[in-house]
Amino acid sequence: MKFRPLHDRVLVKRLEGEEKTAGGIIIPDTAKEKPMEGEVLSVGAGSRGEDGRLHPLDVKAGDRILFGKWSGTEVKIDGQELIIMKESDIMGIIDGKAGRK
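Quick notes on the rules
- Residues numbered from 1 in each chain as written.
- Predicted model: local features only at pLDDT ≥ 70, side-chain atom pairs only at ≥ 80, totals over all residues.
- Heavy atoms only, no water.
- Helix = DSSP H or I, 4+ residues; strand = E, 2+ residues; numbered from the N terminus.
- Buried < 20%, exposed > 50% of the residue type's maximum accessible area, 1.4 Å probe, protein only.
- Contact = heavy atoms within 4.5 Å.
- Areas by Shrake-Rupley, 256 points an atom, 1.4 Å probe, with all protein chains shown as cover.
- Core = buried A, V, L, I, M, F, W, Y, C linked by side-chain atoms within 4.5 Å.
- Pairing = 2+ DSSP bridges.
- Axes fitted to C-alpha atoms, helices over the stretch in contact; angles between N-to-C directions.
- Lys, Arg positive; Asp, Glu negative; His and termini not counted.
- Salt bridge = Lys/Arg side-chain N within 4 Å of Asp/Glu carboxyl O.

Once that is clear, we can look at the overall build of the chain. Scanning the chain for helices and strands turns up 0 helices and 8 strands. The N-to-C order of helical and strand elements in the chain reads β-β-β-β-β-β-β-β. Within the span of the chain, comprising 101 residues, buried residues form 28% of the whole. Look at the contacts in the chain between residues 6 or more apart in sequence, and 62% of them connect residues 24 or more apart. Taken as a whole, the chain presents about 7400 Å² of accessible surface, with 52% of it coming from carbon and sulfur.

Ranked by size, the top nonpolar core spans 10 residues in total: Val-10, Val-12, Val-40, Leu-57, Val-59, Ile-65, Phe-67, Ile-83, Met-85 and Ile-90. Not counting residues within four places of it along the chain, the set of residues in contact with Val-59 comprises Val-10, Val-43, Ile-65, Glu-87, Ile-90 and Ile-93.

On to unusual backbone geometry, then. For His-7, which is not glycine, the phi dihedral falls at a positive 55°. Tracing the backbone shows His-7 in the segment before strand 1 (9-14). Located in the positive-phi region is Asp-78, a residue other than glycine, with phi close to 50°. Note on placement: Asp-78 falls in the loop between strand 6 (73-77) and strand 7 (80-86).

This brings us to the sheet that holds strand 6. A sheet is described by the order of its strands in space; here 6 strands give the open sequence 6-7-1-2-5-8, paired in antiparallel fashion. Of all the strands in the sheet, just strand 6 and strand 8 (90-94) have a single pairing partner and so form its edges. Averaged over all neighbouring strand pairs, the angle between strand axes comes to 45°, with direction disregarded. Across 4 bridges, strand 5 (residues 64-67) lies against strand 8 in antiparallel orientation. From the neighbouring strand, Leu-66 faces strand 8, where its bridge partner is Gly-92.

Here we come to the side chain of Glu-87. Of note, Glu-87 is situated in the loop between strand 7 and strand 8. One buried charge, Glu-87, has no salt-bridge partner; the nearest side chain with opposite charge is Lys-86, at 10 Å.

Here the focus is the environment of Ile-83. Of note, Ile-83 is situated in strand 7. Through-space distance from the C-alpha of Ile-83 to that of Leu-11 is 5.8 Å; in sequence the pair is 72 residues apart. When near neighbours in sequence (up to four residues on either side) are disregarded, Ile-83 contacts Val-10, Leu-11, Val-12, Arg-14, Phe-67, Ser-71, Gly-72, Thr-73 and Glu-74.

Put into structure tokens, the structure is as follows:
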């Protein structure tokens, strides 16, 4: 993929939601909510402060993140549905050990 976000923007791939409930009930596609968890694919260089210095982002490619339900702009790049969002839309980074079950 030949895409690099600018400034404080982040390119995110949404992770797939659960197919079943904890009780084993299969959730149909029409009833699934969009997951608010994703993987960072690439990040911009950072934002410029009032002093003119570049402030790097806290997230990096490969991080698993949690973001708001309506965050970012959905785009299609190379056939993949991705999200471009500002770093401020990201609520936090999910630790690898506390990830999926």
